[in-house]
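# An overview of the molecular structure
The lines below spell out each chain.
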Amino acid sequence: MMGMETDTAGMKPPEHRSGPPVKKVTREEAVAAVRAIAEPSGLDGGTSLCERLTHVLDHRQFRRMPPGKQVLYLQLLRWTHGCGRELVEASRMEMCGWTGLAPETIKKYLPQLIDEGLVKKVRESTPINPAAYQVNWLPPPSPSPDEIHPTRISYYVDQLNEKERMECRRIEQLLTREERRQIQSIVAQSLRTLGIPWDYELIKKLITWYHLTHSPYLDQLEMDHPDWFATPSQFKS
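Because the structure is a prediction, the values reported are computed rather than measured.

## Overview of the confidence of the model for the protein
When pLDDT is averaged across the protein, the result is 81; 77% of the residues are at 70 or more. Low pLDDT, under 50, characterises residues 29-44; the stretch is placed with 21 contacts to residues that sit more than four places away or in other chains. The model gives residues 231-237 a pLDDT under 50, and that stretch makes twelve contacts with residues more than four places away or in other chains.

What follows is the structure, encoded as structure tokens:
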């Protein structure tokens, strides 16, 4: 301001406080870090972490979870197996920071993951430390409907009730002509791959199966016919 003078002669510049020295990562160390993720981690007979996460994303139980529950579970996997740890110590607020979810959402979904055996609380929280959790992988999935042998599918389709057949017709009506042709092509190719002669009646049944098992109705079908999906993935005709 005018009329005021500032004496800067005796002032010292602010002291610069440096943190701990930053360790430079060598190329070899960077490559080793990438390999630690990409190569087999010993989690499941040599299955890599990336493969395990892919199995989670494809698992029907995971796909049925609400989005918030999916995010929480994936982040818990990240902070345990993704970091090479057996356990993770975290408060609900820390989990909010990981996921971007509200505390009420964490409060809702964390107990569900515990009830389902995907998360286990191994130590209660204290005034000093947060609770500790063990995070488990999803169990091996049941065989994909696409892995079931056509002869078995033919038998299953013969057992469909009227409600299930009506659902199939409803799905078919929603498909475009191009989508129907694509499904027919997929079914025909699967028979050629297995060396099964072209059979019009069998193809119709396989298309019916495809409609039901590639739609949300698959969940209902699994509940109504659990034995169909508990069969080993490799079948002999």
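## Things to note about helix α2 (residues 49-58)
If you check which residues of α2 are buried, you get Leu49, Arg52 and Val56. The buried side chains of α2 occupy one side of the element, clustering within an arc of 60° when seen end-on.

## Thoughts on the sheet that holds strand β2 (residues 119-123)
Taken together, three strands build an open sheet; the order of strands is β1-β3-β2 and the sheet is antiparallel. Every other strand in the sheet has two partners, leaving β1 (87-89) and β2 as the edge strands with one partner each. Shown here is a sheet whose adjacent strand axes are inclined to one another by a mean of 35°, direction ignored. Bridge count between β1 and strand β3 (residues 132-135): three bridges; the pairing is antiparallel. Opposite leucine 87, over in β3, you have glutamine 134 as the bridge partner.

## Focus: the packing of aromatic side chains
Centre-to-centre distance and the angle between the planes together describe a pair of aromatic rings. Here the structure, examined in full by the defined rule, presents seven aromatic pairs. Centre to centre, the rings of tryptophan 209 and phenylalanine 229 are 5.9 Å apart; their planes meet at 15°, and the pair counts as stacked. Remark: phenylalanine 229 occurs in the segment after α11 (217-224) and tryptophan 209 occurs in helix α10 (residues 200-213); sequence separation between them is 20 residues. Taken individually, tryptophan 209 and phenylalanine 229 each receive the classification buried, so the pair is uniform in this respect. Each member of the aromatic cluster is reached from another via a ring pair, and the members are Tyr155, Tyr156, Trp209, Trp228 and Phe229.

How each quantity is defined
- Residues numbered from 1 in each chain as written.
- Predicted model: local features only at pLDDT ≥ 70, side-chain atom pairs only at ≥ 80, totals over all residues.
- Heavy atoms only, no water.
- pLDDT = per-residue confidence, 0-100.
- Contact = heavy atoms within 4.5 Å.
- Buried < 20%, exposed > 50% of the residue type's maximum accessible area, 1.4 Å probe, protein only.
- Helix = DSSP H or I, 4+ residues; strand = E, 2+ residues; numbered from the N terminus.
- Arc of directions from axis to C-beta.
- Pairing = 2+ DSSP bridges.
- Axes fitted to C-alpha atoms, helices over the stretch in contact; angles between N-to-C directions.
- Phe/Tyr/Trp six-rings, centres within 6.5 Å; stacked < 30°, edge-to-face > 60°.

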